[in-house]
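# Observations on the three-dimensional arrangement
So the chains spell out like this:
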Amino acid sequence: MPQDYTDTGSVQRAFVQTATTALPELDRWTQITDAEATLVADMTRRNELSGGTPIVRAFEKRWAEWVGTRFAVTVMNGTSALYSAYFGMGVGPGDEVICPVNTWICTIAPAILLGAKPVFCDIDPLSLLMDPEDVRKRITANTRCIVPVHLWGNVCDLDVLLAIGQEHDIPILEDCSHAHGARYKGLMCGSLGAAGCWSFQGSKPISAGEGGVLATDDIDLFERACLVGQVNRIAGIDLVGARYEELQPLGLGMKFRAHPLGIAIASVQLDKLAELNKRRAAYIAEVEAGLADIPGVSPCRLYEGVERGGFYGFPVIHDPSVMGKSTEAFIEAAAENGLNLGRKRYPNLHELPLFQKGFDLFTRKRGPLCPENGYAGYQNGDFPNAEAAAERALFMPELSDPVPDAARIILDALRKAAQR
Ligand SMILES: Cc1ncc(COP(=O)(O)O)c(C=O)c1O
């Protein structure tokens, strides 16, 4: 008998919005609802499944307006948004790109594939975000891009980073993959640097299943980003200036285009983002306020003018010397009280064999990670703050629609676990 695809009643959710499964009973949020399903079904019936369909065009226009940039272009994931942005700003062989060592590997991988050398920087131990003073120390004549990553929805020290970029004439690329709707001094993250990139991967605050978007004010960056990944879209739309006119409509023949169904889902998710951010912010504020009477557990630092958004994770910082209990013992005690505290979500990049030993990326001893080509490699101990944070940062449950007493339940568990 053929499968009845109209029967959604028995469909099991493969993904939940919150990236952690700790205490799922405390969260009532459903990420994907009938609104997304109906739109996808309608588009499928219309065979609106490929190319720069109206929904993709409308979404890009809306995204640019919402972020406050002149241009936006959708792509198949956050990684290809970053690839397009790096290409857009001319990152290539011989260049260096600085990013925080505690980010997801996809922040830097596209730059490496373009031939640039990854240069990691340490973090501010209180915010867990890129430390601008450490960035400063790592700038060389070859630095071509600095990438603040607004990890877990918290926002980097942008005034200082933008000033460093300006001082050295180095573009800033904001990786906003965790921070949809976050703001800095009233402006939307992703609009402050040369370009902003977002992931719409399935567990993100806006999901396309898989998808991503790039936004920029810079016409040349935008056009180059389209050249590298938007083959055969309608001439005159992606390429808006005259400079690359003769390359239309094929561009460079590469294709990172987003799936229209994914963008349709993302468009519904964007409708819901303000509400989602409000709920997550309220829950996190309640828990963070309650930490005041739990010595040894602190919220992450917020820089002046930051309004968090997305909240892709909820880290807090444990201090064993204040609590009088090791982090391991605290985690165990929390688990005994029903609360699973997550440990590090991402490996610090300098600890990976790829970045310690290097790799003959393009074969025949070529590429930016090749020891024979001058790649020195990192070692354990190179990034003391990020290494300490990996031991001390604990991830709390991320709840988007918490049951009324969720914060109290969590704080009770933390309080009991903290007792000697
Ligand atoms: C900080 C960061 N940058 C980039 C990406 C890449 O996004 P995608 O998985 O959509 O390619 C991710 C994905 O989780 C991320 O966390």
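Parameters and conventions
- Residues numbered from 1 in each chain as written.
- Predicted model: local features only at pLDDT ≥ 70, side-chain atom pairs only at ≥ 80, totals over all residues.
- Helix = DSSP H or I, 4+ residues; strand = E, 2+ residues; numbered from the N terminus.
- Rg over C-alpha atoms; globule rule 2.2 N^0.38 Å.
- Buried ≥ 20, exposed ≤ 12 C-beta atoms within 10 Å, placed from the backbone.
- Pairing = 2+ DSSP bridges.
- Core = buried A, V, L, I, M, F, W, Y, C linked by C-beta atoms within 7 Å.
- Contact = placed C-beta atoms within 7 Å.
- Axes fitted to C-alpha atoms, helices over the stretch in contact; angles between N-to-C directions.
- Parallel < 35°, antiparallel > 145°, perpendicular 65-115°, else oblique.
- Left-handed = near helix turned anticlockwise from the far one by under 90°.
- pLDDT = per-residue confidence, 0-100.
- Near = placed C-beta within 6 Å.
- Nonpolar A, V, L, I, M, F, W, Y, C, P; charged D, E, K, R; others polar.

On a plain count of helices and strands, the chain comes out with 13 helices and 13 strands. A compact globule built from 420 residues should have a C-alpha radius of gyration of about 22 Å, and the chain, at 22 Å, falls within 12% of that. Judged by the C-alpha coordinates and their principal axes, the chain covers about 70 × 60 × 45 Å. Across the 420 residues in the chain, those meeting the buried criterion constitute 48%.

The next point concerns the sheet that holds strand β7 (residues 187-188). Across the sheet, three strands lie side by side as β7-β6-β11; this open sheet has antiparallel pairing. On the outer flanks of this sheet lie β7 and β11 (306-307), each paired with one strand and no other. Bridge count for strand β6 (residues 183-184) against β11 is two bridges, and the pairing is antiparallel. Counted as the bridge partner of Y184 is V306 from β11.

This next bit is on the nonpolar core. Counting 112 residues, the largest nonpolar core has A85, V97 and L214 as the members making the most contacts within it. Leave out the neighbours within four places in its chain, and V97 touches V91, I108, A111, A116, P118, V119, R144, C145 and V147.

Before going further, it helps to examine the packing of helix α2 (residues 54-67) against helix α8 (residues 260-290). Two elements in contact, α2 and α8, have axes whose closest approach is 9 Å; the angle formed by their N-to-C orientations is 45 degrees. It follows from the interaxial angle that α2 and α8 lie oblique. Here α2 and α8 pass one another in a crossing that is left-handed. Of the residues in α8, those touching α2 at I55, V56 and F59 are P260, I263, A264, A266 and S267.

Turning our eyes to something else, we now look at the pairing of strand β8 (residues 195-199). Burial of β8 is extensive: five of the five residues sit out of reach of the surface. As defined by bridge partners, strand β5 (residues 173-175) adjoins β8 across three bridges and the pair is classed as parallel. For E174, the partnering residue across the bridge sits in β8 and is G196. Note that β8 and strand β9 (residues 212-216) share five bridges and pair antiparallel. Each bridged residue has a counterpart across the sheet, and for C197 the counterpart in β9 is L214.

We now examine the confidence of the model for the chain. Across the chain, pLDDT averages 92, with 93% of residues at or above 70. Note on residues 1-21: pLDDT is under 50 here. Beyond four places in sequence and across chains, it has 21 contacts.

Here we take up the site of the ligand. Neighbouring residues of the ligand: 14 residues in total, closest N77, G78, T79, S177 and S199. Each residue belonging to the shell around the ligand can be placed in one class, and the counts come to three nonpolar, 10 polar and one charged.

Our next topic: the sheet that holds strand β13 (residues 393-395). Within a sheet, adjacent strands bond to each other through the backbone by hydrogen bonds, running parallel or antiparallel. One open sheet accounts for three strands, arranged β10-β12-β13; its pairing is antiparallel. Each having just a single partner strand, β10 (297-299) and β13 make up the two edges of the open sheet. Taking the axes of each pair of neighbouring strands and ignoring which way they run, one obtains an average angle of 40 degrees across the sheet. With three bridges joining them, strand β12 (residues 315-318) and β13 adopt antiparallel strand pairing. Residue pairing in the sheet places I317 in a bridge with A393 of β13.

Another aspect to go through is the environment of P402. Here P402 lies in the loop between β13 and α13 (406-418). Under the C-beta neighbour-count criterion, P402 is labelled buried, with 24 such atoms within 10 Å. Here the alpha-carbon distance between P402 and A282, two residues 120 residues apart in the chain, equals 9.8 Å. Look past the residues within four positions of P402 in its chain and what remains in contact with it is L26, D27, Y283 and A407.

Another aspect to go through is the environment of I172. By the secondary structure assignment, I172 is in the loop between α6 (158-168) and β5. Sequence separation between I172 and I98 is 74 residues, and the spatial gap between their C-alpha atoms is 9.7 Å. Contacts of I172, omitting those with residues within four sequence positions, involve I146, P148, L161, L162, G165, G193 and A194.

On to unusual backbone geometry. Look at the link from Q248 to P249: it is a cis peptide, with omega at -5 degrees. Its place among the elements puts P249 in the loop between α7 (219-229) and α8. In the Ramachandran plot, D169 falls in the positive-phi region, its phi being about 55 degrees despite a non-glycine side chain. Residue T363 is not a glycine yet carries a positive backbone phi of 60 degrees.

Here we come to the packing of helix α1 (residues 34-45) against α8. At their nearest, the axes of α1 and α8 sit 9 Å apart, and the two run at 150 degrees to each other. Between α1 and α8, the angle is such that the two are roughly antiparallel. Our pair here, α1 against α8, has a crossing hand that is right-handed. On α8, the residues touching A35, E36, L39, V40 and M43 of α1 are P260, L261, A264, I265 and V268.

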